[in-house]
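The chain contents come next:
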Amino acid sequence: MTGPLATTPCTLPLVEVRVTEFDLACMPATGAVFDRLLALHPAQVVVDLSGCRHIDAAAIGLLLDVHRRLARADGVLTVRDPNPRIRRILHAARLDQILPVVDTAPSSPPGTPPGGQELSRTQPTLVAHGRASVKVAH
């Protein structure tokens with residue numbers, strides 16, 4: 001007998017990922033990074049595209065897959081700081097109607113949530129910084 005699917009509670013409040021190359025050539029490696037990231041059960045994943053110059057259909061498909069997997073666990077995927085060209089591509093693909101696409105206010109200090117709101121002082125803030133590079137053989 002099977003019951004409703006048990007969801008794993010989120011174990012991390014926020015994971016931020018900076019993507020600089022996001023096309024078919026790097027999908028295997030990028031997909032593997034997202035698989036590892038989702039295994040951490042984050043409540044929110046922010047994909048920073050500020051350093052990305054191009055996005056293609058394979059990348060949009062991966063974003064949709066990550067969005068679906070997060071949504072099943074009550075998580076949220078947000079795309080941050082796409083350049084105007086990528087923003088138009090996301091709009092044409094209607095991805096901006098499925099998940100939040102946000103810009104960081106240039107005057108916001110690090111650690112300030114979008115909209116300039118102060119972080120709550122009643123709860124400790126967990127901040128983690130890291131860098132991962134993905135090498136793609138051409």
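Residues numbered from 1 in each chain as written. Predicted model: local features only at pLDDT ≥ 70, side-chain atom pairs only at ≥ 80, totals over all residues. Heavy atoms only, no water.

Going by an unreviewed UniProt entry, the chain carries the name Anti-anti-sigma factor and comes from Micromonospora vinacea.

**Section: the overall build of the chain**
Counted only if it meets this: Where helices and strands are cited, they refer to DSSP runs of H or I of at least four residues and of E of at least two residues respectively, numbered from the N terminus. Throughout this description, buried means an accessible area under 20% of the type-specific maximum (1.4 Å probe, protein chains only), exposed means over 50%, and partly exposed covers the range between. It only takes one pair of heavy atoms within 4.5 Å for two residues to be counted as in contact. To measure how exposed things are, a 1.4 Å probe is used in the Shrake-Rupley method; for residues, cover is taken only from the protein chains shown.
Tallying secondary structure elements over the chain gives three helices and four strands in all. Seen in sequence order, the chain has helices and strands lined up from the N terminus as β-α-β-α-β-α-β. Looking at the chain as a whole, 28% of its 138 residues are labelled buried. Contacts spanning at least 24 positions in sequence make up 75% of the contacts within the chain whose residues lie at least 6 apart. As presented, the chain carries roughly 9500 Å² of accessible surface, and 56% of it is formed by carbon and sulfur atoms.

**Looking at helix α3 (residues 84-92)**
Our working definition: Side-chain atoms alone can form a polar contact between residues adjacent in sequence; in general such a contact is a pair of N or O atoms within 3.5 Å, and within protein one must be able to donate a hydrogen while the other accepts it.
Structurally, the start of α3 carries an N-cap: the backbone nitrogen of Arg-85 is 3.0 Å from a side-chain oxygen of Asn-83. Count one or two residues on from α3 and you reach Arg-94, which has phi positive near 60°.

**Notes on the pairing of strand β1 (residues 15-18)**
Operational definition: The handedness rule is simple: strands pointing away from the viewer, and a clockwise path from the first strand over the helix to the second, make the crossover right-handed.
Every second residue of β1 is oriented toward a common face, the buried set being Val-15 and Val-17 and the non-buried set Glu-16 and Arg-18. Following the backbone out of β1, through helix α1 (residues 27-38) and into the adjacent parallel strand β2 (residues 44-48), one traces a crossover that is right-handed.

**Some thoughts on the sheet that holds β2**
What counts here: Pairs of strands are assigned from DSSP output, requiring at least two bridges between the strands. Axis geometry follows a simple rule: fit a line to the C-alpha atoms, using only the stretch in contact for helices, then measure angles between N-to-C directions, giving values from 0 to 180 degrees.
Pairing is parallel across the open sheet formed by four strands, whose spatial order is β1-β2-β3-β4. Each of the sheet's edge strands pairs with one partner strand only, and the pair in question is β1 and β4 (101-102). Pairing of β2 with strand β3 (residues 76-80), which is carried by five bridges, proceeds in the parallel orientation. The partner of Val-47 across the bridge, within β3, is Val-79. Across the sheet, helix α2 (residues 57-72) touches β2 and β3, and the angle it forms with β3 is around 145°.

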